[in-house]
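# Descriptive analysis of the structure
The chain contents come next:
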Amino acid sequence: MDSPTWLVVAVAVLIGAAWYLSYGAARLDRLHSRVEGALSALDAQLVRRAEATLELANSGALDPASALMLAAAASESIEAHNERAVEHDLLEGQHFAGREVLESDLSLALQAALSQPVLDQIRAEHGPGLAALERVEAAGVRVQLARRFHNDAVKDVQRVRRKRAVRLFRLAGHADLPRTVEFEDELPSSLRD
């Protein structure tokens, strides 16, 4: 091969490599944006679940001890969200700021307070507690879905960032590696029936 042919091949290879790296960086950026959106959606669903739980606790449909337990757990969840929103950007570092324990506590409080006899009583009365209970159930399902969507997005980012070209050319820049959000989000078994 003569010199101009080598030059054309070298330029083609460089253009192909530049396109591949540019495409990889853009894809990684889109994946990080997807994680941010999913985390924001999860946060919104958790706030809705806590608000619905507070509404149920204040509806008068539960005994005072259960209502107090639910109100305390829901209030802590909302306070953690508000503190995080005031002090920092929610998405800073694309992590959940240690709220997993509080959200697990709220899930466990719901499981403890909403036994089958309590649910049967609330459903039989058809009062304000029933509407609040339905909102808690719907919010609980949305929390589970939002957490799964977030964790799937995080796993996609982690998978792409493990690739050799992404690490070698630092296509992720200085972005933190997102982490999955793990907490107890199971609905009381009597709500799922």
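For the structure, check the block above.
Residues numbered from 1 in each chain as written. Predicted model: local features only at pLDDT ≥ 70, side-chain atom pairs only at ≥ 80, totals over all residues. Heavy atoms only, no water.

## Some details on the packing of aromatic side chains
Centre distance and the angle of the planes are the two values used to describe a pair of aromatic rings. Taken as a whole and judged by the stated rule, the model has one aromatic pair. The positively charged end of R147 is found above the aromatic ring belonging to F183, 5.6 Å away from the centroid. (Phe/Tyr/Trp six-rings, centres within 6.5 Å; stacked < 30°, edge-to-face > 60°. Lys NZ or Arg CZ within 6 Å of the ring centre and 35° of its normal.)

## What about the environment of R159?
Inspection of the secondary structure puts R159 in helix α5 (residues 128-161). Given a relative accessible area of 38%, R159 falls into the partly exposed group. Taking the C-alpha atoms as reference, R159 lies 17 Å from A38; in sequence the two are 121 residues apart. (Helix = DSSP H or I, 4+ residues; strand = E, 2+ residues; numbered from the N terminus. Buried < 20%, exposed > 50% of the residue type's maximum accessible area, 1.4 Å probe, protein only.)

## Comments concerning a negative patch on the surface
Taken together, the side chains of E76, E79, E83 and D105 define an acidic patch exposed on the protein surface. No other element matches helix α2 (residues 64-87), which puts three residues into the negative patch. Among the structural elements, E79 can be located in helix α2. On the basis of relative accessible area, E79 is assigned to the partly exposed category, the value being 46%. (Patch = residues over 30% accessible without salt bridge, like charges linked within 9 Å, V, L, I, M, F, W, Y side chains within 5 Å. Areas by Shrake-Rupley, 256 points an atom, 1.4 Å probe, with all protein chains shown as cover. Salt bridge = Lys/Arg side-chain N within 4 Å of Asp/Glu carboxyl O. Lys, Arg positive; Asp, Glu negative; His and termini not counted. Charge placed at Lys NZ, Arg CZ, Asp CG, Glu CD.)

## A closer look at a nonpolar patch on the surface
A surface patch of nonpolar side chains, amounting to about 470 Å² of accessible area, comprises M1, W6, V9 and V13. Tracing the chain through its elements places V13 in helix α1 (residues 3-57).

## Overview of the nonpolar core
Of all hydrophobic cores here, the largest spans 26 residues; its most connected members are L56, L62, L70, L114, I122 and L133. Among the secondary structure elements, those contributing two or more residues to this core are α1, α2, α3 (100-113), α4 (116-125) and α5. In terms of residues, this core owes the most to one element, α2, which gives six residues. Not counting chain neighbours up to four residues away, the residues in contact with L56 comprise L62, L70, L114, I122, G129, A132, L133 and V136. Counting residues in each nonpolar core, the second largest holds nine residues, with L28, L31, V154 and A172 among its members. (Core = buried A, V, L, I, M, F, W, Y, C linked by side-chain atoms within 4.5 Å. Contact = heavy atoms within 4.5 Å.)

Distances and angles like these do not, on their own, reveal function.
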